Amino acid sequence: MQKPYDWPANIATPVAEEKPKEFTAHGDKRSDPWYWLNERENPKVIDYLKAENAYVDTMMAGTKKLQEELFQEMKARIKEKDESVPTLDHGYYYYNRFEEGKDYPVFCRKKGSLDAPEEVMFDQNKMAEGFKFFSIGTIEISDNDELAAFTTDPVSRRLYNLQIKNLKTGEIYPEKIPNVEGGSIMWAADNKTMFYILQDTVTLLGYAVYRHELGSDPKNDVKVYEEKDNTFDLGIGRTRSRKYLTINSAKNQVSSEYRILDASTPTGAFTVFEPRKENFIYDIDHADDGKFYILTDWDAPNYKLMTALPGKTGKANWQELIPARKDVFIASFTNFKDHLVLSEVKDAMRQVRVINQKTSKDEYISFDEKVYTAQLGSNPDANSNVLRLSYTSMITPSMVIDYNMDTKERVVKKQTEVIGYKKDDYETERIWAVARDGVKVPITLVYKKGMEKNGSNSFLLNGYGSYGFSQFPGFYRNIFSLLDRGFIYAVAHIRGGQEMGRQWYEDGHMFKKKNTFTDFIDCGKYVIEQKYTSSGHIYANGGSAGGLLMGAVVNMEPKLFNGVVAEVPFVDVITTMSDASIPLTTSEYKEWGNPADSAEYAYMRSYSPYDNVAAIEYPNMLVTTGLHDSQVQYFEPAKWVARLRQMKKGNNVLLFKTNMDAGHGGASGRFEALRDEALQFAFYLALEGKVN
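Let me sum up the structure you'll find in this document. Just so it is clear, the structure is predicted and the values come from calculations on it, not from any experiment. (Residues numbered from 1 in each chain as written. Predicted model: local features only at pLDDT ≥ 70, side-chain atom pairs only at ≥ 80, totals over all residues. Heavy atoms only, no water.)

Attention shifts here to the overall build of the chain. The number of helices and strands found in the chain is 12 helices and 38 strands. For 692 residues, the compact-globule estimate of 2.2 N^0.38 gives 26 Å, and the chain sits close to it at 25 Å. With the C-alpha coordinates aligned to their principal axes, the bounding extent of the chain is approximately 70 × 55 × 50 Å. By residue count, 58% of the 692 residues in the chain fall in the buried class. By sequence separation, contacts in the chain at least 24 residues apart represent 57% of the contacts at least 6 residues apart. In the structure as shown, the chain presents an accessible area of about 28400 Å², 48% of it carried by carbon and sulfur atoms. Looking at the chain, you have 86 positive and 97 negative side-chain charges, and the mean spots of the two groups are 2 Å apart. (Helix = DSSP H or I, 4+ residues; strand = E, 2+ residues; numbered from the N terminus. Rg over C-alpha atoms; globule rule 2.2 N^0.38 Å. Buried < 20%, exposed > 50% of the residue type's maximum accessible area, 1.4 Å probe, protein only. Contact = heavy atoms within 4.5 Å. Areas by Shrake-Rupley, 256 points an atom, 1.4 Å probe, with all protein chains shown as cover. Lys, Arg positive; Asp, Glu negative; His and termini not counted. Charge placed at Lys NZ, Arg CZ, Asp CG, Glu CD.)

Moving on to the nonpolar core. Counting residues in hydrophobic clusters, the biggest one holds 70 residues, and the most contacted among them are Phe-520 and Trp-640. The element that contributes the greatest number of residues to this core is helix H7 (residues 545-556), accounting for seven residues. For Phe-520, the contacting residues outside a window of four places in its chain are Leu-461, Asn-462, Gly-463, Ala-492, Ile-494, Ala-540, Leu-549, Met-550, Val-553 and Phe-561. Counting 43 residues, the second-largest nonpolar core is a separate cluster that includes Met-74, Phe-487, Phe-681 and Val-691. (Core = buried A, V, L, I, M, F, W, Y, C linked by side-chain atoms within 4.5 Å.)

Together, Asp-89, Asp-288, Asp-289 and Asp-381 make up a negatively charged patch on the protein surface. Structurally, the position occupied by Asp-381 is in the loop between strand S27 (373-376) and strand S28 (386-392). (Patch = residues over 30% accessible without salt bridge, like charges linked within 9 Å, V, L, I, M, F, W, Y side chains within 5 Å. Salt bridge = Lys/Arg side-chain N within 4 Å of Asp/Glu carboxyl O.)

If you check helix H6 (residues 514-529), its first and last C-alpha atoms are 22 Å apart, about what 16 residues at 1.5 Å a residue would give, namely 22 Å. Of the residues one or two after H6, Lys-531 is the one with positive phi, at around 65 degrees. (Expected span 1.5 Å × (residues − 1).)

Right, let's talk about unusual backbone geometry for a bit. A positive phi is found at Asn-179, a non-glycine position, where the angle reads about 60 degrees. The residue Asn-179 is located in strand S11 (residues 177-187) in this model. Of note, Met-510 is a non-glycine position whose phi angle comes to about 50 degrees, a positive value. Take Met-510: it is sitting in the loop between helix H5 (502-506) and H6. Residue Met-510 is classed as buried on the basis of its relative accessible area, which comes to 13%.

On to the pairing of strand S32 (residues 440-448). A large share of S32 lies buried, amounting to seven of its nine residues. Summarising the sheet, strand S31 (residues 426-434) and S32 pair through nine bridges and their orientation is antiparallel. Bridge pairing in S32 places Trp-432 opposite Pro-442. Hairpin connection, S31 to S32: the antiparallel pair is bridged by five residues, and Gly-438 has positive phi, about 90 degrees. (Pairing = 2+ DSSP bridges.)

Turning our attention to the sheet that holds strand S16 (residues 244-251). Strand order across the open sheet formed by four strands is S15-S16-S17-S18, with antiparallel pairing between neighbours. Looking at the sheet topology across the chains shown, the edges are occupied by strand S15 (232-238) and strand S18 (271-272). Pairing between S15 and S16: seven bridges, direction antiparallel. Each residue of the ladder has a partner; that of Phe-232, found in S16, is Lys-251.

Right, let's get into the packing of aromatic side chains. Using the criterion set out here, one finds 40 aromatic pairs in the structure. Directly above the ring of Phe-336 sits Arg-240, whose terminal nitrogen or CZ lies 5.0 Å from the centroid. (Phe/Tyr/Trp six-rings, centres within 6.5 Å; stacked < 30°, edge-to-face > 60°. Lys NZ or Arg CZ within 6 Å of the ring centre and 35° of its normal.)

With that out of the way, let us pick up H7. Helix length check: H7, at 12 residues, gives a terminal C-alpha distance of 17 Å against a target of 16 Å (1.5 Å per residue), a fit within 8%. Summarising burial for H7: 11 of the 12 residues are buried, a large majority. Buried residues of H7: Ala-545, Gly-546, Gly-547, Leu-548, Leu-549, Met-550, Gly-551, Ala-552, Val-553, Val-554 and Asn-555, and no others.

This part takes up the packing of helix H1 (residues 43-59) against helix H11 (residues 635-647). It is the contact of H1 with H11, at a shortest axis distance of 12 Å, that shows an interaxial angle of 65 degrees. As for the relative orientation of H1 and H11, their crossing is left-handed in sense. Residue-level contacts link Tyr-48, Leu-49, Glu-52 and Tyr-55 of H1 to Ala-638, Val-641, Ala-642 and Arg-645 of H11. Here the residues of the contact of H1 with H11 sort into six nonpolar, no polar and two charged. (Axes fitted to C-alpha atoms, helices over the stretch in contact; angles between N-to-C directions. Left-handed = near helix turned anticlockwise from the far one by under 90°. Nonpolar A, V, L, I, M, F, W, Y, C, P; charged D, E, K, R; others polar.)

Looking at where Lys-110 falls in the secondary structure, it is placed in strand S6 (residues 106-111). Among the residues examined, Lys-110 registers a relative accessible area of 18% and is labelled buried. Separated by 15 residues in the primary sequence, Lys-110 and Tyr-95 place their C-alpha atoms 8.7 Å from one another. Ignoring sequence-local partners within four residues, the contact set of Lys-110 consists of Gly-91, Tyr-92, Tyr-93, Tyr-95, Ala-116, Pro-117 and Glu-118. A polar atom in the side chain of Lys-110 sits 3.0 Å from the backbone oxygen of Leu-114. (Polar contact = N/O pair within 3.5 Å; in protein donor to acceptor, adjacent residues only side chain to side chain.)

So this is what it looks like as C-alpha cells:
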C-alpha cells in the first residue's frame, strides 16, 4: 500500500493585499479587491508572485526527488540528436535538426539533392544565447531562394521583431521592424517587396498590413490595409499557385473576408474577393489550374468546397465542387494537378480523403487502428502525385508518410523515435459518455495493458472545448510517466470544439457555453460509473480556455475531482471581456460575449470562475501561469488564487506557480519545459500517495 504524501503542516499561505475596487454594470455590482495585481511592474506584485512560488517549493519539497526522476525520465525518451523529414520546395530540401544537449532546432536546407552540402540558415541555439526565452515565429523564403525574412520574440510577449537575412552571404540586413505579428510574412514575386502585420503593443491585435521594400527605411513603409473593426483578426499569405497575395480579416468563427493582389504587382491595390457578412465564413486558395478554391459555410454548417475564376470572385459566380454532409466536417483541403485532397472530421477523428480529378473516384486512406488522427503534411509541389501526411494515435508516435495517390503505395519516411517506449505495453480505446441532455460525448483513453476496471485506477481527464478547436487522438510522450505509475489518461472531446462537426461548436459557446462544463463533469462521472476509476482517484487538467473549464467545473462540482491542474487559466471572464485594451478581448466577443450586452453579461457572469468562487471545500489544486503571458494575463489566475485562498473551506492544498521568464506556452526550450510537467505530475502522484 502506498504511503500518503506528507504535506508540510502549519506553513503560512501567501496573502495578497486587498484594495477595495468595485465594478457596476447593468445594475450588477462586483467586488474585485485584487484588481491591483495587474500592475506588472509593481514590486509588490512581483513579491507576491515570488512568495507563491516559494510556497509551492516548500509544499512540494518532499517531491523534489520524484520531480527530478520524472524530468530525467521524460528527457530520456527524447532522441536528442534528431532531424525532420526534408521537404522539397522550389529546388531546395528544407529540414530542421536538433543537436545533442541543445534546446532549440537548427534550420537547414540542401540544394537539389539530399547529398548536397548543408546550408545552415538559422541556428536558434546561437540566437537564443543570453535570453531566458527565445522563439522564432516564422521563416519565409523569397522566390529567388536568396533571402529569408524571419521573426523573433525574446520575451514571450508575442511581439515579434522582423528581420531579413541574405542566405548567400549570411548578412542580416540592418532594417529591423518591431511589434509585428510573428507568423505572418509574405514575399511578393519581385524578391524585394514583402508584407507584414503591425500589432498594437497593448491589445496585441494585428491591425494593419504594411509593405516594405528591401533596403528602405521601415519608417517609410506603406500601409496597404487597416482593419477598422477590432473584432476581426488579420492574416496574410500567398496562394498555393504563388500567383496571389492575400489579406484575410476574420471574426472568430463568425465572418471572414479576403483581399487579393497579383504577386507580380506588389505596389498595386488589393481587391475584395467577396465582401464580409455576419455568419458567413470562407477561406480561399488559388491553384495552378487557374481556379480559386473556396471552403465555405454558405448554407453548409459543416462546410463545402466551391470554385471561382479570377475576375469573377463574387459569391454569385461560385460553383459547388464538394457538397456538404451532415455527419462530416471539411477541415481543410490541398489541390494537386491530378488530385484533390480533403482533411475531414467525423466522430472525433481526422481522416484524409483523396479524389482523383480525372476519374472523380475517391477514397479514404485507411489505417489499422480504430482511433487515430491522420492529417495533411507539407505539400508544396502541386504537380506531385505523392501526398505527404502525418499519422498518430494515443499509442503510436507521430509518423510522416508519403502516399502515392496513383499506385496507393505508402512509404513511412519517419516515425518519431521515443527511446525506451514499447507500443505493445499500452492500449487505447474510445468510449462514449452520455451527457445530461442525452448527447453522446466521445472520450479517448490510453492506459497500460492489464488495466482492470475495478474502480481503483488513478485517472487524469483532460479537456478544452472552446474556439472550435478540436482535440484529436495523438501521442503524448510525457504521459507515459503517469501510465507506468498506474494512471489512465483520457481526453474528453466536449462541446465547444468541432470534433463532431460544426454543430458541436455551436452547442458549446456563447449562450450554450455551460454545455462545455457539464459535458466534462458528465464524462468524469461516466468513467467513475464504468469503474475505470473512483471519486478519490480522478484528476482533471486543462489550459487557457481549458483552464476556464477547470475553474467552472470546480465551482459546479467541487467534490468530483480529487485534484485539478489549471494551466494559464482564463478565469476572470467579465473583467477581461469588459476591457478592450486587454490582448485579444475584442476579437473574442463572438466566443464568450460582449459585456456591454446585458444578456451576454448575465450569462458570462453566471459561470465566470473568479466571480463564482464560494465558501465551499474545493479539490486540491495547482494553478500555473507565466508573467509575460500575452493571451491570459498572469493576474487572472493570481486574483483567482487570492480569492480562493480567502474563501475556500477545508484543508485541501492550493498551489500557485508563476514562470517569471515565460508566457502562454511556458518555457521555450525543449528540455526546460519538461520541468513544468514534472511538477504537475508530481502533484498528481503526491495526491495518490505515489511519491516514494
